[in-house]
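Listed below, chain by chain, are the residues.
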2 protein chains.
Amino acid sequence: MRTASPKAPSESSLDTHLANSGLRVTPQRQRVHEVLREKMDHPTADQVFLRAKNKMPEISMATVYNCLDALVQCGLVRQVTLDRGATRYCPNMQDHSHFYCDACGSVYDILQTISPEEADIKLPRGFRLKNIETNLHGLCPDCAAKAK
Amino acid sequence: MRTASPKAPSESSLDTHLANSGLRVTPQRQRVHEVLREKMDHPTADQVFLRAKNKMPEISMATVYNCLDALVQCGLVRQVTLDRGATRYCPNMQDHSHFYCDACGSVYDILQTISPEEADIKLPRGFRLKNIETNLHGLCPDCAAKAK
DNA sequence: ACCACTATTTAGAATAATTCTAAATCTTGA
DNA sequence: TCAAGATTTAGAATTATTCTAAATAGTGGT
Ligand SMILES: [Mn+2]
Ligand SMILES: [Mn+2]
Ligand SMILES: [Zn+2]
Ligand SMILES: [Zn+2]
């Protein structure tokens, strides 16, 4: 073998991102990130907890919150807040927006965004814009069909 | 006097909007809407409750939630969810987006939006787009100054 | 390898945010 | 005036998130 331990791109990305933020690589953080990548349906912290427990029964809710915060902090996961309910988490760091079905609450990635330049947002003096978040609201295919 | 009881535009708008949604005009709903118009700083339900109590000491938290929901339902108030904290409420129904300061959590109205046409969002077959919500993240003037 | 230091995890308590429940009050329209 | 339905209310219940303090694990220096 050429390399001692070849890693999947997502794993090595986890390692480097955590390292860059001065955070350690831990089994819990790996597991939480894995759970998010396994099913990219924008789960809540609670759902991540339940899924993570399958392969790691000792993991705690506090740790799930800690891990999610760590992954958000090092730029591997995005927080998605779309309604009064629990925050959702998205491991897709590609530039994309979210479609939220107001009827059933499901969330879909939409691979299209409006860039700050394109949007040409004029902010009052002093504001420093970091990024633009676009949330699309409407009906998902299923709910749109039922609505007719 | 020409008209029997001339109303401020916002009040009559409250009446007609509620009526159009089959909802009654009540002192509590009027008060909650008034609180939101008084200080458009995007307060949380809890903050609305505290402010509403000044002129209406008997109002309850449950009623504040009920009223906010009624006002949202009839199109007089927008819900604004920007982070893991409590939902905020905005009585400005003009098309606008929100600037959220990631440092201090303050929210500002930005009178500029990306229209669905302008954005030219291409959704997969079956999705029905109702509206686009744009949230700007960054630093407010105060926090930007401190950051330097 | 041993140790001290710090980061992380953990269970559970605490707090915050929201929803629910059932009874009281109010409004509307026969 | 009365019945039906809408709304409000206090408080309990539930859900979401944060905090605390002790246990565990990882790191760097010797
Ligand atoms: Mn996503
Ligand atoms: Mn606003
Ligand atoms: Zn749906
Ligand atoms: Zn700020």
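Residues numbered from 1 in each chain as written. Chains lettered and ligands numbered in written order. Predicted model: local features only at pLDDT ≥ 70, side-chain atom pairs only at ≥ 80, totals over all residues. Heavy atoms only, no water.

Caption draft 1: Looking closely at the overall build of chain A. Scanning chain A for helices and strands turns up six helices and five strands. Ordered by position from N to C terminus, the α and β elements of chain A give α-α-α-α-β-β-β-β-α-β-α. Taken along its principal axes, the extent of the C-alpha atoms in chain A is 50 × 45 × 35 Å. Counting across all 148 residues of chain A, residues that qualify as buried make up 43%. The long-range fraction of contacts in chain A, counting pairs at least 24 apart against all pairs at least 6 apart in sequence, stands at 46%. With the model as given, the accessible surface of chain A reaches about 8,200 Å², and the carbon-plus-sulfur share is 50%. Chain A carries 19 positive and 17 negative side-chain charges, and their two centres are separated by 3 Å. (Helix = DSSP H or I, 4+ residues; strand = E, 2+ residues; numbered from the N terminus. Buried < 20%, exposed > 50% of the residue type's maximum accessible area, 1.4 Å probe, protein only. Contact = heavy atoms within 4.5 Å. Areas by Shrake-Rupley, 256 points an atom, 1.4 Å probe, with all protein chains shown as cover. Lys, Arg positive; Asp, Glu negative; His and termini not counted. Charge placed at Lys NZ, Arg CZ, Asp CG, Glu CD.)

Caption draft 2: Structural view of the protein's contact with DNA strand C. For DNA strand C, the set of nearby residues contains 17 residues, the closest of which are Thr26(A), Arg29(A), Thr63(A), Arg84(A) and Tyr65(B). When atoms of DNA strand C within 4 Å of the protein are sorted by moiety, sugar and phosphate together comprise 79%. One of the side-chain nitrogen or oxygen atoms of Thr63(A) is found 2.8 Å away from a phosphate oxygen of DNA strand C. Here a phosphate oxygen of DNA strand C sits 2.7 Å away from a polar atom, N or O, in the side chain of Tyr65(B). Breaking the surface near DNA strand C down by element, the ones donating at least two residues are α2 (27-38) and α4 (61-73) of chain A together with α4 (61-73) of chain B. Ranked by the residues each element gives to the surface near DNA strand C, the list is headed by α4(A), at three residues. For the surface near DNA strand C, the per-class residue count stands at six nonpolar, six polar and five charged. (Near = heavy atom within 4 Å. Polar contact = N/O pair within 3.5 Å; in protein donor to acceptor, adjacent residues only side chain to side chain. Nonpolar A, V, L, I, M, F, W, Y, C, P; charged D, E, K, R; others polar.)

Caption draft 3: Highlighting α2(A). In this model α2(A) runs 16 Å from its N-terminal to its C-terminal C-alpha over twelve residues, within 8% of the 16 Å that 1.5 Å per residue would give. Restricting attention to buried positions, one finds in α2(A) the residues Arg29(A), Arg31(A), Val32(A), His33(A), Val35(A) and Leu36(A). (Expected span 1.5 Å × (residues − 1).)

Caption draft 4: Region of the structure containing the coordination of the manganese ion (ligand 2). All names here are of chain B. Donor atoms from the polypeptide that coordinate the manganese ion (ligand 2) comprise His 42 (NE2), Cys 90 (SG), His 96 (NE2), His 98 (NE2) and Asp 109 (OD), at 2.1 to 2.4 Å from the metal. Donor residues binding the manganese ion (ligand 2) come from one chain and are separated in sequence as H-x47-C-x5-H-x1-H-x10-D. Placement of the pair is His 42 in the loop between α2 (27-38) and α3 (45-55) and Cys 90 in strand β2 (residues 88-90), with a sequence separation of 48 residues. Accessibility expressed as a relative area gives 2% for His 42, which makes it buried. (Donors = N, O, S within 2.8 Å, 3.2 Å for Na, K, Ca; no water.)

Caption draft 5: Region of the structure containing the interface of chain A and chain B. The interface of chain A with chain B comprises 39 residues on the first partner and 39 residues on the second. Between chain A and chain B, the buried area comes to about 3,400 Å², and carbon and sulfur atoms account for 56% of it. Looking at the side of chain A facing chain B, the largest losses of area belong to Arg84(A), Phe127(A) and Arg128(A), adding up to 21% of the total buried there. Joining chain A to chain B, the criterion identifies two salt bridges. Among the salt bridges present, the one from Asp69(A) reaches Arg84(B), with a minimum N-O distance of 3.0 Å. The tally of links between chain A and chain B comes to 15 residue pairs in polar contact (both at pLDDT 80 or more). (Buried area = accessible area lost by both parts, 1.4 Å probe. Salt bridge = Lys/Arg side-chain N within 4 Å of Asp/Glu carboxyl O.)

Caption draft 6: Inspection of the relation of the copies chain A and chain B at higher detail. The transformation that overlays chain A on chain B combines an axial shift of 0.0 Å with a rotation of 180 degrees, and the residual RMSD is 0.1 Å. Taken together, the rotation and translation describe the operation of a two-fold axis. Across chain A, the rotation axis passes nearest the C-alpha of Thr134(A), at a separation of 2.3 Å. Most of the interface of chain A is mirrored in chain B: 100% of its interface residues are interface residues there too. (Least-squares fit on C-alpha atoms with pLDDT ≥ 70 in both.)

Caption draft 7: Representation of the domain arrangement of chain A. All names here are of chain A. The domains assigned to chain A are domain 1 (11-90) and domain 2 (97-146). Placing the centre of domain 1 and that of domain 2 at their C-alpha centroids yields a distance of 22 Å. Facing the nine residues of domain 1 at the interface are nine residues of domain 2. For the domain 1 and domain 2 pair, buried surface summed over both sides reaches about 760 Å², with 54% attributable to carbon and sulfur atoms. One can count zero salt bridges joining domain 1 with domain 2. Here domain 1 and domain 2 share four residue pairs in polar contact (both at pLDDT 80 or more) between them. Only β1 (78-80) and β2 (88-90) provide two or more residues apiece to the side of domain 1 that touches domain 2. For the side of domain 1 that touches domain 2, the residue count by class is four nonpolar, two polar and three charged. (Domains from an automatic or database assignment.)

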